[in-house]
Amino acid sequence: MSLTVLMNAGPWLSVPPPGYGGIENVVATLVPELRRLGVRVVLASVETSTLPVDERISVFPDGQFHALQRPYNQVCGVAQAHLHGVVRALRARDDIDLVHDHVEAVGLATMAAMGRDAPPALHTLHWDLAKHPELYGNLDGGGRVRVSGVSASQLARAPRALQEHSVGHVHLSTPLAVGADRRPRVAKGEHVVILGRINPGKGQDLGARLARRVGFPLVLAGPVGPYHRPEDLAAAGDEARQNPDVRFFYEHVAPHVDGDLVRWVGTVAGAERDDLVAGARASLFPLRWEEPGGTAVVESLALGTPVVATARGCLPELIEHGRTGLLTADEEELGDLVLAAGLLDEDECRREAATRFTPEVMAQRYVELYQQVRRLAARS
Ligand code: UDP
């Protein structure tokens with residue numbers, strides 16, 4: 001297929017990301033599969049990105065993640081500078097068939113503002129935007145800018161202006177899903193794991209309280225704000241509490257962390273992360289927000305660990321209740337479901353991941369959407 005796509009991963013982190021990185025991880029997973037399908041990829045990112053691509057565009061020498069802690073107008077300034085670089089490149093050439101944009105709000109507005117001068121664009125939403133319709137104003141873009149989501153539920157909750165431009169959703173994927181159905185089983189331990197940023201929406205406070213009440217060992221893995229290791233958080237002192245996730249941790253999670261039944265181990269990565277999840281009796285997602293995509297959910301399935309979760313956001317799309325996990329609308333019931341999760345067949349989880357959540361499945365679906373966006377633009 002001869003299709004050249006400008007993949008805009010934004011200025012925040014290199015691709016692949018050095019540690020945590022949602023959008024950058026999605027791009028790092030998607031691009032190699034697109035190239036295998038014959039798509040030429042021009043990556044707009046930062047100079048430190050090492051992902052093999054056909055060509056690169058960068059404005060900043062390295063990831064500007066630290067700037068996200070600054071006031072909102074300065075955050076927008078960084079995003080704008082990056083996007084002006086992208087727009088300059090687009091104006092200077094005519095070989096880009098489509099822009100696949102992952103930069104929230106600012107990216108979409110810029111593409112729309114370019115109007116007929118811009119190639120058709122697909123903007124993938126990564127967050128739950130129901131509460132932020134103001135971020136997406138004029139989306140007209142002469143019919144050339146379209147939107148995709150990472151789940152049907154995310155799109156259903158999105159502001160109307162976005163829904164009107166939607167071409168559908170593509171679920172997230174994980175390289176762990178490749179051959180997941182053929183990988184040998186790992187001995188299961190007694191522990192339950194919650195993998196994710198420590199944050200009120202992810203509900204670690206609820207999980208920790210239930211672990212203490214019902215009596216199951218719980219491992220919390222993930223960063224607290226910018227702190228990846230417990231010793232770094234401890235060393236940061238009181239100033240760290242200016243970060244809302246740090247405050248949430250100290251006020252609502254830490255009181256349950258006894259270092260024995262409930263432990264916080266900081267961010268885990270690579271084989272350590274995979275072993276922790278694969279050896280768990282269940283992955284718990286005691287969500288309080290409408291999870292838009294849930295990479296950690298599909299990773300858990302790929303590692304053969306059933307998912308126990310509140311039935312929020314994309315969870316009912318990713319998990320089949322009674323087969324690959326257990327879902328409930330009742331927070332208090334989660335504790336009992338954790339105990340029941342051992343009855344589920346881990347091979348069903350792996351099979352589901354190998355069928356639905358591989359990077360190849362994701363890339364094929366995006367190529368379909370690219371074609372659809374180009375057809376719609378040609379008609380406009
Ligand atoms: N993650 C990790 N180590 C941790 C906690 C999380 O590698 O200690 C990874 C996790 O495996 C997943 C990503 O961070 O790939 C979280 O993505 P998800 O979509 O689940 O949540 P988000 O943080 O984007 O809302």
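Thresholds, definitions, all that
- Residues numbered from 1 in each chain as written.
- Predicted model: local features only at pLDDT ≥ 70, side-chain atom pairs only at ≥ 80, totals over all residues.
- Heavy atoms only, no water.
- Pairing = 2+ DSSP bridges.
- Helix = DSSP H or I, 4+ residues; strand = E, 2+ residues; numbered from the N terminus.
- Axes fitted to C-alpha atoms, helices over the stretch in contact; angles between N-to-C directions.
- Contact = heavy atoms within 4.5 Å.
- Near = heavy atom within 4 Å.
- Polar contact = N/O pair within 3.5 Å; in protein donor to acceptor, adjacent residues only side chain to side chain.
- Areas by Shrake-Rupley, 256 points an atom, 1.4 Å probe, with all protein chains shown as cover.
- Nonpolar A, V, L, I, M, F, W, Y, C, P; charged D, E, K, R; others polar.
- Parallel < 35°, antiparallel > 145°, perpendicular 65-115°, else oblique.
- Core = buried A, V, L, I, M, F, W, Y, C linked by side-chain atoms within 4.5 Å.
- Buried < 20%, exposed > 50% of the residue type's maximum accessible area, 1.4 Å probe, protein only.
- Domains from an automatic or database assignment.
- Buried area = accessible area lost by both parts, 1.4 Å probe.
- Salt bridge = Lys/Arg side-chain N within 4 Å of Asp/Glu carboxyl O.

Strand order in this open sheet of seven strands is 3-2-1-4-5-6-7, and the pairing throughout is parallel. Strands with a single pairing partner mark the edges of an open sheet, and in this sheet they are strand 3 (55–58) and strand 7 (166–169). The mean angle between the axes of side-by-side strands here comes to 20°, regardless of whether they run parallel or antiparallel. The pairing of strand 2 (residues 39–45) with strand 3 spans four bridges and is parallel. Within strand 3, the residue paired with Ala-44 across the bridge is Ile-57. Here helix 2 (residues 72–91) sits on the sheet and contacts strand 1 (3–8), strand 2, strand 3 and strand 4 (98–101); the angle it forms with strand 1, its principal contact strand, is near 165°.

As a structural note, the neighbourhood of the ligand is formed by 16 residues, with Tyr-20, Arg-197, Lys-202, Val-268 and Glu-299 the closest of them. Backbone polar atom of Thr-295 to an oxygen atom of the ligand: 2.9 Å apart, as the coordinates give it. Notes on the ligand: free accessible area 540 Å², of which the protein chains cover 89%. For the shell around the ligand, the leading source of residues is helix 10 (residues 295–302), giving three residues. The residue makeup of the shell around the ligand, split by class, is six nonpolar, five polar and five charged.

It is the contact of helix 1 (residues 22–36) with helix 14 (residues 359–379), at a shortest axis distance of 9 Å, that shows an interaxial angle of 75°. Taken together, the axes of helix 1 and helix 14 lie roughly perpendicular to each other. Contacts from Val-26, Thr-29, Leu-30, Glu-33 and Leu-34 in helix 1 reach Pro-359, Glu-360, Met-362, Ala-363, Tyr-366, Val-367 and Tyr-370 in helix 14. Residues of the contact of helix 1 with helix 14, tallied by class, amount to nine nonpolar, one polar and two charged.

Counting 31 residues, the largest nonpolar core has Phe-285, Val-297, Leu-301, Val-307, Leu-315, Leu-318 and Ile-319 as the members making the most contacts within it. Of all the elements in the fold, those that place two or more residues in this core are strand 8 (192–195), strand 9 (218–221), helix 9 (270–278), helix 10, strand 12 (307–310), helix 11 (315–318) and helix 13 (346–356). Counting residues per element, this core draws most heavily on helix 10, which supplies five residues. Residues Tyr-227, Ala-240, Val-262 and Leu-284 belong to the second largest nonpolar core, which totals 29 residues.

Right, let's talk about the domain arrangement of the chain for a bit. Examined at the domain level, the chain breaks down into domain 1 (3–172 + 358–379) and domain 2 (176–356). Using C-alpha coordinates to define each centre, domain 1 is positioned 28 Å away from domain 2. Tallying the contact residues gives 16 residues for domain 1 and 19 residues for domain 2. Across the domain 1 to domain 2 interface the summed buried area is about 1,400 Å²; carbon plus sulfur atoms make up 62%. There are zero salt bridges connecting domain 1 and domain 2. The tally of links between domain 1 and domain 2 comes to six residue pairs in polar contact (both at pLDDT 80 or more). Mapped by element, the contributors of at least two residues to the side of domain 1 that touches domain 2 are helix 4 (152–157) and helix 14. A total of four residues in the side of domain 1 that touches domain 2 trace back to one element, the largest contributor, which is helix 4. Each residue belonging to the side of domain 1 that touches domain 2 can be placed in one class, and the counts come to seven nonpolar, seven polar and two charged.

Where charged atoms of side chains with opposite charge meet at close range, the side chains can pair. Counted under the stated rule, the structure contains 31 salt bridges. We note a salt bridge from Arg-374 to Asp-97, for which the minimum N-O separation is 3.8 Å. Within this pair, whereas Arg-374 is found in helix 14, its partner Asp-97 is found in the loop between helix 2 and strand 4, the two being separated by 277 residues in sequence. Asp-97 gets classed as partly exposed once you look at its relative accessible area, which sits at 22%. In this structure, Arg-160 and Glu-164 form a salt bridge, with 3.5 Å as the shortest nitrogen-oxygen distance. The exposure classification of Arg-160 matches that of Glu-164, with both residues exposed. Through salt bridges with shared partners, a single ionic network connects Glu-320, Arg-323, Glu-348, Arg-351, Glu-352 and Arg-356.

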